[in-house]
Amino acid sequence: MKRIHIEIALGTLFIIASSVILILMASEEPARLARYETQQLASQIEFGAAVYEVNCTSCHGSHAQGVPGKAPCLRCPDLFEGRIAEVGWQGSLEDYIVSVVTTGRQISTRPGLYQGEGQGPPVMPTWSDKFGGPLRDDQIRAVAAFIMNYEEWAANPEAVPTPLFVVDSNDPIALGRVAMVQYGCTGCHTIQGLSEAVTGPVMNGIATRAGTIAGYASAEDYIRASILNPNEYLVEGFNEGVMPQNFGEIIPAADLDNIVAYLLTLTDN
Amino acid sequence: MISSLRQRLSQIPRGAELRKRIFEMIDERVRIVTAGLSIKELRAVLRGDPPTEKPNPRYKVITTSFVAHLRPRYYPQGATWFTHTFRLGWFTTFFFVVELITGLVLMIYYIPFPDQAYGSILEIESNVFLGELFRDLHRLGAEAMVLFTWLHLFRTYFTGSYKGQRTFTWLTGVALLAITAWLSFTGYLLTWDQLGYWAITVGTSMTDSGPVVGPALNIIMRGAPDIGTGGLLRFYLNHVVLFPLIAILIISIHYYKVSREHGISMPAVIEEGEVSEDKKKEANRRIDLIPDLLTHEIFLVAVGILALLVIVYFDLFNSPLETPANPQVTPLDTKAPWYFWWLQGLLKIEPAKILENLLNPIVTRFGMAPLQLGLLLDSKFIMGLVVPPVVVGILFAIPYIDRTPARLARKRPFAIAWGILWIFIILALSYMGLPEFGIETPAATRVIQDLAPEEGLGILRETPYEELLPGIYTVGETSPEDLCAKDFAYTDHATGKQVIGCPHLVEVFEQYSSGLLAAEAEGKLPELHAILLIEDYGPDLRRVEMEVSWLDAESDEVKTYVKHYFLHRDRAREH
Ligand code: HEM
């Protein structure tokens, strides 16, 4: 056989092999496209979570659980079930989120409940870089995808795992720490290693400080009063009425005990 | 009227005469289409028979057809030796054609605006039938083209094929090297992800240090102080219009010189070596384009296509796509594509430092103050703007520097040694160009970056969601065996595989621990305290936090480095 014949034979074989590969690829393509789309949504949610963590936790809470008095929960049934009807939004919930985040909110639609940082308008700043905010369109889309991902939890609040991994349910101090996050305290108070916020006083050292305040029988007494009745004694440099007044109604007694127990361990500055 | 029509019809030949007339008509058409081959001749070509007419009609194709005009009529047998050219130039051309075809397909979907570019790439990957294939082929073809251009350059250098009348071919070749580099550079930006955006930002910033026109040049390239809409559009047009056209033009000139003017050079052994007359005669035997060379080329096309498809199909190559470009956040290891690592390595050299280290021991011995050359010799300027043009200048000048006619390797030992030296220099510079080389990253940052690099996957992101068990794990305290329960087992939702224990999580934690503990032992992280924390952050979404604190020796303060990752159940874990 001459070389040219070998080349023709091999070449034909190779072209057949290439065609087979192409056919295989084409037959797997619909599944690949679907898989890619799921994976793409997953990485968009991850990306959105990172955007959320950097920009939104100070008002909406470390785990989107909301901060009483400041900003609403973004993973709760309220948002997913009745919210767009309540505000008369025509489009989808995802579009509502994109639009609210893009423009921000000058004035609260629920002034009794959410006042942002409490310094007047806007209660939520504009986020889009088109209007002077820090976020690009793709970031806003991603953060919306991240919030939409909470739909499953909103539909089934019982299934939501405790926000922090603490598992020992017999330890009041550990449970108190979890409750601090759950009820949004960490949205206003700095606790080293747990949260950073400037709206309320730093909690580290509260256990020592509380014992020195005149008019209260004990440190525990003062802390309990500060939570249930914040205006009774005002910490210097902070205003009346910023810390929500209704924690007594929101927080069950057992959780309140845990919170107090936890705060009593914060002795060092 | 009717009668004249009848008359005409009666003139139409019938039977054998008709067949002959039809055949002649078709034959004439075939001759026009093939620019000279009759049907009979075509058949002879396909059967491998000798030409049927004289003069050889197969040569007529080449002299009369515009496109085929670029092709040679024949090459001497010696020039077609595989070991002479390795078909490197040929494959470079092949990959260029692959780029043109796949690029045209990608162009249909791509949108060259910053807020849509990345999305359009996602669209190609997730919504265009075989879109990923075309992206992979385009990317793979580009890298192959760059590689083969370099290999081809070294081949022509080592075989001494740039000498004498082929000087101009070499010059157009060097121009093609630059064009190829620019095509890949401009293409790199188009995905508009962190990878491309920052590689190009760093790349274009090289001109910044230039005198007078430097900053202006930078702005001309970027379209604004930072790459934005203008910059992207500019790169896009360079990539899809201007430079493909220039490349087609220069490749045509380059190839015309090779194919029609001088032919491919004979192997030096035939020209200068002591070989038998028989062998010389055989080497000078004509191998015609039609059918032999053409068959061979079709064969090579089949090889090339199969190789590309196999590489893509078996996932040996995947086009990267990072998170969208973010001008505010520079990734930790900005990585140029591998074919620019040599340049990145070059930029890490500081000539002022080297000279100071060399000269200062001598200078101080004479009682003078140590030299401070940093102000005089700006590294970025020298290594980024002076050295590369000088290298290109040397490349251009090679045929003029090396004027000896000898082509046989053994007769030009100096030139061969010089070529090998260059290969080593390029490899060494490329090695220095690796992000890890010569850049001191703080220990904690390095360890975490290796676990979950900002570009690419890393073993943390490869960990199946089921293994990311919520909890706090402390380095030095938590034993890897306690990361999951003794009887822990799960079915990986993505692969359907049954897995016993949590091997990935153990690997992550062990690499995290061993990296940090090693740094502690070296004294880089005294009083180390480090945790790995995993918690639920949403449905099918977990947050992984790595927090490392240590006592900083200089300030005597506790420093903390924290990094967060969000991992969704459905994320891609390979690629
Ligand atoms: C886009 C890039 C290039 C393409 C498409 C290309 C294409 C070709 C082709 C098809 C040949 C015929 C011989 C062979 O297949 O090896 C050739 C020969 C040649 N090329 Fe290139 N080339 C490119 C870049 C270069 C570069 C970078 C150089 C060197 C600086 C170069 C120098 C030469 C020389 C000197 C020859 C003649 C070789 C001989 O006669 O043996 N080319 N080129």
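The rules we used
All chains use their own residue numbering, which begins from 1 and follows the written sequence. Written order determines the labels here, with chains lettered from A and ligands numbered from 1. It should be noted that, the model being predicted, local features are given only for residues of pLDDT at least 70 and side-chain atom pairs only at 80 or more, the latter also being counted only at that level, while totals for whole chains, interfaces and linings use all residues. With hydrogens and water set aside, each side-chain value is computed from the structure's full complement of heavy atoms. Two cysteine sulfur atoms form a disulfide, by the criterion used here, when they sit within 2.5 Å. Here the term buried applies to any residue with accessible area under 20% of the maximum for its type, exposed to any over 50%, and partly exposed to those in between, with areas from a 1.4 Å probe on protein chains only. Each helix is a run of DSSP H or I of at least 4 residues and each strand a run of E of at least 2, with the numbering of both proceeding from the N terminus. One heavy atom within 4 Å of a molecule or strand makes the whole residue count as near it. In the analysis that follows, any N or O atom pair within 3.5 Å is treated as a polar contact, provided that within protein one partner can donate a hydrogen and the other can accept it, and provided that, for residues neighboring in sequence, both atoms belong to side chains. Amino acids outside the nonpolar list (Ala, Val, Leu, Ile, Met, Phe, Trp, Tyr, Cys, Pro) and the charged list (Asp, Glu, Lys, Arg) are all regarded as polar, and Gly is one of them. Contacts are assigned to residue pairs that have any heavy atoms within 4.5 Å of one another. Where each domain starts and ends comes from a domain assignment, either automatic or drawn from a database. Buried area: the sum, over both parts, of the accessible surface (1.4 Å probe) that disappears when the two are put together. By convention in these notes, a salt bridge is any Lys or Arg side-chain nitrogen within 4 Å of a carboxyl oxygen on Asp or Glu. Metal donors were taken as nitrogen, oxygen and sulfur atoms no farther than 2.8 Å from the ion, or 3.2 Å where the ion is Na, K or Ca. Water is excluded, so coordination may look unfinished. Square planar and octahedral assignments, for four and six donors respectively, both demand that opposite donors be over 155 degrees apart and that all other angles lie between 65 and 115; tetrahedral needs four donors with all angles between 85 and 135 degrees, and anything else is irregular. A pair of strands counts as paired when DSSP detects no fewer than two bridges linking them. Helix axes are fitted only over the stretch in contact, all axes being lines through C-alpha atoms; the angle between N-to-C directions runs from 0 to 180 degrees. Like charges are joined within 9 Å and nonpolar side chains (Val, Leu, Ile, Met, Phe, Trp, Tyr) within 5 Å, but only among residues with over 30% relative accessible area and no salt bridge; these make up the patches. For accessible areas, the Shrake-Rupley method is used with a probe of radius 1.4 Å. Any residue's cover is judged against the shown protein chains and nothing else. Only buried residues count toward a nonpolar core. Its members are Ala, Val, Leu, Ile, Met, Phe, Trp, Tyr and Cys residues joined through side-chain atoms within 4.5 Å.

(A) The arrangement of the state of the cysteines in detail. According to the stated counting rule, one finds two disulfides over all chains in the structure shown. Residue Cys 73 of chain A pairs covalently with Cys 76 of chain A via a disulfide, S to S 2.0 Å. A torsion of 85° about the S-S bond marks the disulfide between Cys 73 of chain A and Cys 76 of chain A as right-handed. A relative accessible area of 14% places Cys 73 of chain A in the buried class. Each disulfide pairs two cysteine sulfurs, and for Cys 484 of chain B the partner residue is Cys 502 of chain B, the sulfurs being separated by 2.2 Å. Taking the sign of the S-S torsion, about -90° here, the bridge from Cys 484 of chain B to Cys 502 of chain B comes out left-handed. Separated by 18 residues along the polypeptide, Cys 484 of chain B in the loop between strand E3 (471–474) and strand E4 (489–491) and Cys 502 of chain B in the loop between strand E5 (498–500) and helix H22 (503–521) bring together distant segments of the chain. We note that Cys 484 of chain B, like Cys 502 of chain B, is buried.

(B) Geometry of the site of the ligand. Residues and elements named next belong to chain B. Around the ligand, the structure places 27 residues, and the nearest of them are His 152, Arg 155, Gly 173, His 254 and Ser 265. Within the contact set of the ligand, an oxygen atom lies 3.1 Å away from a side-chain nitrogen or oxygen of Arg 166. The biggest single contributor to the shell around the ligand is helix H9 (residues 167–189), with seven residues. Of the residues in the shell around the ligand, the class split is 11 nonpolar, 14 polar and two charged.

(C) Just the side chain of Thr 186 of chain B, in detail. All names here are of chain B. Relative to the helices and strands, Thr 186 is located in helix H9. What makes Thr 186 buried here is its relative accessible area of 0%. Within the local environment of Thr 186, its side chain forms a polar contact with the backbone oxygen of Leu 183, the two atoms lying 3.0 Å apart. Setting aside anything within four residues of it in sequence, one finds Thr 186 in contact with Phe 235, Asn 238 and His 239.

(D) Representation of the domain arrangement of chain B within the structure. Residues and elements named next belong to chain B. Per the domain assignment, the segments of chain B are domain 1 (16–70), domain 2 (85–439) and domain 3 (443–568). Computed from C-alpha atoms alone, the centre-to-centre distance between domain 2 and domain 3 is 39 Å. Listed as interface residues are 10 residues of domain 2 and, on the opposing side, six residues of domain 3. In total, about 670 Å² of surface goes out of reach between domain 2 and domain 3, with carbon and sulfur atoms giving 42% of it. The largest contributions to the domain 2 side of the interface with domain 3 come from Glu 322, Leu 332 and Asp 333, which together make up 64% of the buried area. Remark: the boundary between domain 2 and domain 3 carries zero salt bridges. In the side of domain 2 that touches domain 3, the residues fall into three nonpolar, three polar and four charged.

(E) Quick peek at the interface of chain A and chain B. Residue-level contacts link 49 residues of chain A with 51 residues of chain B. Between chain A and chain B, a total of about 4,200 Å² is buried, with carbon and sulfur atoms accounting for 65% of that surface. At the junction of chain A and chain B, the tally comes to three salt bridges. A salt bridge links Arg 571 of chain B to Glu 46 of chain A; its shortest N-O distance comes to 2.9 Å.

(F) Geometry of the pattern of salt bridges. Summed over all chains, the structure comprises 32 salt bridges over all chains. For Arg 83 of chain A, the salt bridge is made with Glu 86 of chain A, and the minimal N-O distance between the two is 2.7 Å. Linking Arg 83 of chain A with Glu 86 of chain A, this pair stays in helix H3 (residues 77–87), spanning three residues, or about one helical turn. Ionic contacts of the salt-bridge type, sharing partners, join the residues Glu 53 of chain A together with Glu 535, Arg 543 and Glu 545 of chain B into one network.

(G) Representation of the coordination of the iron atom of the ligand in the model. Residues and elements named next belong to chain B. Only His 152 (NE2) and His 254 (NE2) from the protein coordinate the iron atom of the ligand, and they sit 1.9 to 2.1 Å from it. Note that the iron atom of the ligand binds six donor atoms; their angles at the metal cover 84 to 179°, and the shape is octahedral. You can see His 152 sitting in helix H8 (residues 131–158) and its partner His 254 sitting in helix H12 (residues 229–262), a full 102 residues away along the chain. With respect to burial, His 152 and His 254 carry one shared label: buried.

(H) A look at the sheet that holds strand E6 (residues 529–538) of chain B. All names here are of chain B. The strand order E3-E6-E7-E8 describes an open sheet built from four strands, whose pairing is antiparallel. Single-partner strands in this sheet number two, and they are E3 and strand E8 (557–568). Within the sheet, the average angular offset between the axes of one strand and its neighbour, ignoring direction, is 15°. Pairing between E6 and strand E7 (residues 541–552): nine bridges, direction antiparallel.

(I) Here's a closer look at a nonpolar patch on the surface. All names here are of chain B. Taken together, the side chains of Val 97, Leu 100, Ile 101, Phe 113, Leu 233, Leu 237, Val 241, Leu 242, Leu 245 and Ile 248 define a hydrophobic patch exposed on the protein surface, amounting to about 800 Å² of accessible area. Broken down by secondary-structure element, the contributors of at least two residues to the nonpolar patch are helix H6 (88–109) and H12. No other element matches the six residues that H12 contributes to the nonpolar patch.

(J) Broad picture of the nonpolar core. With 36 residues, the main nonpolar core has Leu 460, Tyr 512, Leu 516, Leu 532, Val 544, Met 546 and Val 548 of chain B as its most contacted residues. Of all elements in the fold, only helix H20 (443–451), helix H21 (458–461), H22, E6, E7 and E8 of chain B reach the threshold of two or more residues within this core. Per element, the largest residue contribution to this core is six residues, and it comes from H22 of chain B. Ignoring sequence-local partners within four residues, the contact set of Val 548 of chain B consists of Ala 444, Ile 448, Tyr 512, Leu 516, Leu 528, His 529, Ala 530, Lys 559, Thr 560 and Tyr 561 of chain B. Counting 31 residues, the second largest nonpolar core, distinct from the first, contains Ala 49, Leu 93, Val 100 and Trp 127 of chain A.

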